[in-house]
Amino acid sequence: GDSVTQMEGPVTLSEEAFLTINCTYTATGYPSLFWYVQYPGEGLQLLLKATKADDKGSNKGFEATYRKETTSFHLEKGSVQVSDSAVYFCALGLGSARQLTFGSGTQLTVLP
Amino acid sequence: KAGVTQTPRYLIKTRGQQVTLSCSPISGHRSVSWYQQTPGQGLQFLFEYFSETQRNKGNFPGRFSGRQFSNSRSEMNVSTLELGDSALYLCASSLSGGATDTQYFGPGTRLTVL
């Protein structure tokens with residue numbers, strides 16, 4: 001079945017460090033890919049999305065490129081801030097399934 | 001535009017009871033999905049409704065059910081609660097539920113079963 005594998009956490013970085021959170025997927029078709037972020041005590045917020053190969057999603061300094069050849073959608077940010085501390089989820093949506101399949105989430109803590 | 005709202009935000013029940021959770025989607029959104037989030041299992045899809053019809057269902061027992069009303073508001077019900085049903089239940093809405101649609105999530109209902 002379809003699945004998403006995310007980099008194990010937790011990840012701890014200093015402010016202004018470079019962030020990469022790896023995400024790879026297995027799918028029988030051509031999924032849309034998403035990154036969601038969850039702050040403590042809140043629901044999920046869409047961070048960025050890509051719907052086809054080579055698309056690059058970007059938002060708030062975060063970027064991810066849909067790489068069909070490596071079935072990956074790694075999240076990157078050049079300079080993290082303390083306010084980026086949260087849990088990040090990679091997810092895929094496929095065909096008419098009308099559901100998202102999520103990775104296990106990566107806890108990010110950014111220290112001042 | 002108002003976001004997805006869920007009520008109640010917190011709920012405490014005992015084993016064997018039943019519970020109903022409510023979700024109001026973003027205005028104009030006709031698809032509503034429900035997810036269960038637990039530390040052990042992560043985020044798991046429960047079901048999806050569109051125009052009052054359940055179109056997709058995840059791998060959960062029949063104790064979990066839902067419905068959608070003509071105004072797109074949705075409710076989910078869990079009967080005969082078990083300790084393992086303690087979780088954050090998230091509702092998400094989208095325009096039509098397609099694979100490329102963005103799902104917008106509510107803040108969740110935290111259910112504790114004692």
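The rules behind the values
- Residues numbered from 1 in each chain as written.
- Chains lettered and ligands numbered in written order.
- Predicted model: local features only at pLDDT ≥ 70, side-chain atom pairs only at ≥ 80, totals over all residues.
- Heavy atoms only, no water.
- Helix = DSSP H or I, 4+ residues; strand = E, 2+ residues; numbered from the N terminus.
- Rg over C-alpha atoms; globule rule 2.2 N^0.38 Å.
- Contact = heavy atoms within 4.5 Å.
- Areas by Shrake-Rupley, 256 points an atom, 1.4 Å probe, with all protein chains shown as cover.
- Lys, Arg positive; Asp, Glu negative; His and termini not counted.
- Charge placed at Lys NZ, Arg CZ, Asp CG, Glu CD.
- Buried < 20%, exposed > 50% of the residue type's maximum accessible area, 1.4 Å probe, protein only.
- Pairing = 2+ DSSP bridges.
- Axes fitted to C-alpha atoms, helices over the stretch in contact; angles between N-to-C directions.
- Phe/Tyr/Trp six-rings, centres within 6.5 Å; stacked < 30°, edge-to-face > 60°.
- Buried area = accessible area lost by both parts, 1.4 Å probe.
- Salt bridge = Lys/Arg side-chain N within 4 Å of Asp/Glu carboxyl O.
- Polar contact = N/O pair within 3.5 Å; in protein donor to acceptor, adjacent residues only side chain to side chain.
- Disulfide = S-S within 2.5 Å.

**Student:** Looking at this structure, I do not really get the overall build of chain A. What am I missing?
**Tutor:** Tallying secondary structure elements over chain A gives zero helices and twelve strands in all. Helices (α) and strands (β) of chain A occur, in sequence order from the N terminus, as β-β-β-β-β-β-β-β-β-β-β-β. In terms of C-alpha radius of gyration, chain A reaches 13 Å, essentially the compact-globule figure of 13 Å for 112 residues. Viewed in the frame of its principal axes, chain A has a C-alpha envelope of about 45 × 30 × 20 Å. Counted over contacts in chain A with a minimum sequence separation of 6, partners at least 24 positions apart contribute 56%. By element, 48% of the accessible surface of chain A is carried by carbon and sulfur atoms, the whole surface being about 5,200 Å². Charge centroids of chain A, computed over 8 positive and 11 negative side chains, lie 9 Å from each other.

**Student:** Teacher, can you tell me more about the pairing of strand 12 (residues 106-111) of chain A here?
**Tutor:** Consecutive residues of a regular strand have side chains that alternate between opposite faces of the sheet. Residue and element names in this part refer to chain A. Only one face of strand 12 is covered, namely the one carrying Thr 106, Leu 108 and Val 110; the face carrying Gln 107, Thr 109 and Leu 111 has none of its residues buried. When strand 2 (residues 11-14) meets strand 12, the two strands line up parallel, connected through four bridges. Bridging from a neighbouring strand, Ser 14 pairs with Leu 111 of strand 12. Sheet analysis places strand 10 (residues 86-93) next to strand 12, joined by three bridges and oriented antiparallel. Looking at strand 12, one finds that Val 87 is bridged to Gln 107.

**Student:** I tried to follow the sheet that holds strand 8 (residues 62-65) of chain A on my own but got confused; where do I start?
**Tutor:** In a beta sheet, neighbouring strands are held together by backbone hydrogen bonds and run either parallel or antiparallel to one another. All names here are of chain A. One open sheet accounts for four strands, arranged 3-9-8-7; its pairing is antiparallel. At either margin of the open sheet sits one strand with a lone partner, and together these are strand 3 (19-21) and strand 7 (56-59). On average, each strand axis in the sheet is inclined to that of its neighbour by 15 degrees, with strand direction left out of account. Note: strand 3 against strand 9 (residues 75-77), three bridges, orientation antiparallel. Each bridged residue has a counterpart across the sheet, and for Ile 21 the counterpart in strand 9 is Leu 75.

**Student:** Before we go on, may I ask you to explain the packing of aromatic side chains in this structure?
**Tutor:** Ring pairs (aromatic) are described by centroid distance and by the angle formed between their planes. Summed over all chains, the structure comprises twelve aromatic pairs over all chains. Here Tyr 25 of chain A and Tyr 66 of chain A contribute two aromatic rings whose centre-to-centre distance is 6.1 Å and whose plane-to-plane angle is 85 degrees, an arrangement assigned as edge-to-face. Taken as a pair, Tyr 25 of chain A in strand 4 (residues 23-26) and Tyr 66 of chain A in the loop between strand 8 and strand 9 lie far apart in primary sequence, 41 residues in all. Tyr 25 of chain A sits in the buried class, given a relative accessible area of 7%. Seen in terms of ring centroids, Tyr 36 of chain A and Phe 102 of chain A are 6.0 Å apart; in terms of plane orientation they differ by 55 degrees. Their pairing is tilted. Of this pair, Tyr 36 of chain A sits in strand 5 (residues 32-38) while Phe 102 of chain A sits in strand 11 (residues 100-102), placing them 66 residues apart in sequence. Taken as a pair, Tyr 36 of chain A and Phe 102 of chain A share a single burial class, namely buried. Cluster of aromatic residues (ring-pair linked, three or more members): Phe 34, Tyr 36, Phe 89 and Phe 102 of chain A together with Tyr 35, Phe 45 and Phe 105 of chain B.

**Student:** Even after reading the chapter, I still don't get the interface of chain A and chain B, so can you show me in this structure?
**Tutor:** Accessible area lost during the coming together of the parts is what is often quoted as the interface size. With 20 residues of chain A in contact, the opposing surface of chain B contributes 20 residues. Roughly 1,600 Å² is buried in total at the junction of chain A and chain B, and carbon and sulfur atoms are behind 52% of that figure. The interface formed by chain A and chain B includes zero salt bridges. Linking chain A with chain B are six residue pairs in polar contact (both at pLDDT 80 or more), by the criterion used here. Taken together, the elements giving at least two residues each to the side of chain A that touches chain B come down to strand 5, strand 6 (44-50), strand 10 and strand 11 of chain A.

**Student:** Where do I start with the sheet that holds strand 8 (residues 74-78) of chain B in this structure?
**Tutor:** All names here are of chain B. Sheet architecture is open: four strands sit in the order 1-3-8-7, paired in antiparallel fashion. Every other strand in the sheet has two partners, leaving strand 1 (5-7) and strand 7 (64-68) as the edge strands with one partner each. Within the sheet, the average angular offset between the axes of one strand and its neighbour, ignoring direction, is 20 degrees. Two elements, strand 3 (residues 19-24) and strand 8, share five bridges in a ladder whose sense is antiparallel. Among the inter-strand pairings, Ser 22 is bridged to a residue of strand 8, identified as Glu 75.

**Student:** How should I be thinking about the state of the cysteines in this particular structure?
**Tutor:** Covalent bonding between the sulfur atoms of two cysteines is what defines a disulfide. Evaluation of the coordinates by the stated rule reveals two disulfides over all chains. For Cys 23 of chain A, the disulfide goes to Cys 90 of chain A, at an S-S distance of 1.9 Å. Torsion about the S-S bond of the Cys 23 of chain A and Cys 90 of chain A cystine: about -65 degrees, corresponding to left-handed handedness. Of this pair, Cys 23 of chain A sits in strand 4 while Cys 90 of chain A sits in strand 10, and the two are 67 residues apart along the sequence. A relative accessible area of 0% places Cys 23 of chain A in the buried class. In this model Cys 23 of chain B forms its disulfide with Cys 91 of chain B; the gap between the sulfur atoms is 1.7 Å. Note on the Cys 23 of chain B and Cys 91 of chain B pair: the S-S dihedral is about -50 degrees, so by sign convention the disulfide is left-handed. Taken together, the residues span a long stretch of sequence, with Cys 23 of chain B in strand 3 and Cys 91 of chain B in strand 9 (residues 87-94) at a distance of 68 residues. A residue is classified by how much of its surface remains accessible, and Cys 91 of chain B, at 0% relative accessible area, is buried.

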